[in-house]
Amino acid sequence: MRSLWRGARHQNRIFWRTPVAAFFTLVFPILMLVLFTAIFGNDAFDTVYGRVNSSQFYTPGLAVFAAASSTYTGIGINLASRRELGILKRVRGTPMPRRAYLGGVVLSAVWIAALGVTAMVVLGVVAYGVNVEAAKVPAMLLSFGVGSASFAALGLALASLARSVSMAVPIANATLLPMAFISNIFVPFGSETPGWLDLLGDIFPLKHFGLAFGEAMNPLSSAPAVEWHRLGVLVLWLAAGAAVAAWRFSWDPPVTAGRTSRRRTRPEPI
């Protein structure tokens, strides 16, 4: 546990020393909330939660997007980059337990996700009057915990399948962003939405994460507002991501990167 805690603190320092990562993980979703509310106004309209204000719809969705970005994208890209640079191989040769290192990476990502969600919810409540009931806070915490764990496991799976950072970055962006558009995060689905698109969103975990967290903030729902069936889908994705990571995760750099580095270290003929 001491190694796990130290590893998480170390990973947290690395995150804050990377301003670009901090911006896209924490600041970018907040800017999207401000822009969406400014563009579309804060009037009531029909959503999956009922007729609520636009800020009441966008706040939980963008909070979930920030959590998924911190865990899925952050873990997947960072571990793929460290493997390619040979950092993971060197970590494996230290006395630090490998599970403690990976646990520190996951714990730090979940902590950053919690900060992003908290900042989003506080901004929504203070600036836009978003509803948060004390009786539904346990449902919010449960949804955040299960959803963040699910996307953290998927981040480990992404790092396991992407053998280089040049593969991890496009895979992360090509999966998370389209998933957000079909998951009631950026665009509210209505009666005119094609049924196949709604069904496609039901397959992936981001929609269930967003609706479970959003229902806990829905002023029209009654406490405790726990969406058990959506949490069950998230648990299935968690198990799938963990299984892929346990099967394919590697600490060694890819073979091509090793060959390239060896070529560069050889002296050129005169």
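So, here is what we can say about the structure in this document. (Residues numbered from 1 in each chain as written. Predicted model: local features only at pLDDT ≥ 70, side-chain atom pairs only at ≥ 80, totals over all residues. Heavy atoms only, no water.)

### Considerations on helix α2 (residues 19–40)
Rules: Labels follow the DSSP assignment, with helices taken as runs of H or I lasting at least four residues and strands as runs of E lasting at least two, numbered in each case from the N terminus. A helix is expected to reach a length of 1.5 Å times the quantity of its residues less one. At any given residue, the bend is defined as the angle formed between two axes, one fitted to the seven residues that end at that position and one fitted to the seven that begin there. Type-normalised accessible area, obtained with a 1.4 Å probe on protein chains alone, sets the label of each residue: buried when under 20%, exposed when over 50%, and partly exposed for intermediate values.
With 22 residues, α2 extends 30 Å between its outermost C-alpha atoms, agreeing within 8% with the 32 Å of an ideal straight helix rising 1.5 Å per residue. Roughly 40° is the biggest bend found in α2, and it falls at V27, with proline P29 one to four residues downstream. Buried within α2 are the following residues: A22, T25, L26, P29, M32, L33, F36 and T37. Downstream of α2 by a residue or two, G41 has a phi angle that is positive, lying close to 80°.

### Some remarks on the pairing of strand β1 (residues 44–47)
Defined as follows: The rule for pairing is simple: two strands pair if DSSP sees at least two bridges between them.
Pairing geometry for β1 and strand β2 (residues 50–53), over four bridges, is antiparallel. Its bridge partner lying in β2, F45 is registered against V52. Joining the antiparallel neighbours β1 and β2 is a turn of two residues.

### So, the side chain of S183
Looking at the element boundaries, S183 is found in the loop between α7 (165–181) and α8 (195–203). Judged by relative accessible area, S183 falls into the buried class, the value being 1%.

### With respect to a nonpolar patch on the surface
Formally: Only residues whose relative accessible area exceeds 30% and that take part in no salt bridge are eligible for patches, with like-charged residues grouped when within 9 Å of each other and nonpolar side chains (Val, Leu, Ile, Met, Phe, Trp, Tyr) grouped when within 5 Å. All accessible areas in this document rest on Shrake-Rupley with a 1.4 Å probe, and a residue is counted as covered only by the protein chains that are shown. A pair is scored as a salt bridge if a Lys or Arg side-chain nitrogen falls within 4 Å of a carboxyl oxygen belonging to Asp or Glu.
Together, V20, F23, F24, V27, F28, L31, L35, I39 and F40 make up a nonpolar patch on the protein surface, roughly 850 Å² of accessible area in all. As for its position among the elements, L35 is in helix α2.

### A closer look at the packing of aromatic side chains
Where we set the bar: Centres within 6.5 Å are what make two rings of Phe, Tyr or Trp a pair, Trp counting through its six-membered ring; a difference in plane orientation under 30 degrees is then read as stacked, over 60 as edge-to-face, and the rest as tilted.
Inspection of the entire model under this criterion finds 17 aromatic pairs. Residues F15 and W16 carry aromatic rings whose centres are separated by 5.1 Å and whose planes lie at 80° to one another, so their mutual orientation is edge-to-face. Residue W16 is classed as partly exposed on the basis of its relative accessible area, which comes to 43%. Considering the side-chain rings of F57 and Y58, the 5.0 Å spacing of their centres and the 75° angle between planes classify their relative orientation as edge-to-face. With a relative accessible area of 4%, Y58 lands in the buried category. A network of ring pairs unites the aromatic residues F36, F40, F45, Y49, F57, Y58, F65, F181 and F186 as a single cluster.

### Points about the nonpolar core
Going by this rule: Buried Ala, Val, Leu, Ile, Met, Phe, Trp, Tyr and Cys residues form a nonpolar core when they are joined through side-chain atoms within 4.5 Å. We call two residues in contact whenever any of their non-hydrogen atoms come within 4.5 Å of each other.
Ranked by size, the top nonpolar core spans 44 residues in total, and within it L62, Y72, V117, F151, F186, L206 and F213 carry the most contacts. No other element matches the 11 residues that helix α3 (residues 54–84) contributes to this core. Apart from residues no more than four positions distant in its own chain, F151 is found in contact with A68, T71, Y72, P205, L206 and F209. Ranked by size, the runner-up nonpolar core spans 14 residues in total, among them L79, V91, Y101 and F249.

### Let's talk about unusual backbone geometry
Backbone torsion omega between A223 and P224 reads 10°, so that peptide bond is classified as cis. Within the secondary structure layout, P224 lies in the loop between α9 (205–216) and α10 (228–248). In the Ramachandran plot, N184 falls in the positive-phi region, its phi being about 60° despite a non-glycine side chain. By relative accessible area, N184 is classed as buried at 5%. The phi torsion at A225 lies on the positive side, around 60°, for a residue other than glycine. For A225, the position within the fold is in the loop between α9 and α10.

### Digging into the packing of helix α6 (residues 137–161) against α10
The line we're drawing: To get an axis, a line is fitted to the C-alpha atoms, and for a helix only the part in contact is used. The angle between two axes follows their N-to-C directions and goes from 0 to 180 degrees. Each angle gets one of four labels, with under 35 degrees taken as roughly parallel, over 145 as roughly antiparallel, 65 to 115 as roughly perpendicular, and the rest as oblique. Left-handed describes a crossing whose near helix is turned anticlockwise from the far helix by less than a right angle; the clockwise case is right-handed. All residues other than Ala, Val, Leu, Ile, Met, Phe, Trp, Tyr, Cys, Pro, Asp, Glu, Lys and Arg, Gly among them, are scored as polar; the first ten of these are nonpolar and the last four charged.
Packing of α6 against α10 brings their axes to within 8 Å, and their N-to-C directions diverge by 25°. Relative to α10, the element α6 lies roughly parallel. In this structure, the crossing between α6 and α10 has a hand that is left-handed. Each of L142, S143, V146, G147, A149, S150, A153, L154, L156, A157, S160 and L161 in α6 lies in contact with α10, whose residues at this interface are W228, L231, L234, V235, W237, L238, G241, A242, V244, A245 and R248. Class assignment of the residues belonging to the contact of α6 with α10 gives a composition of 17 nonpolar, five polar and one charged.

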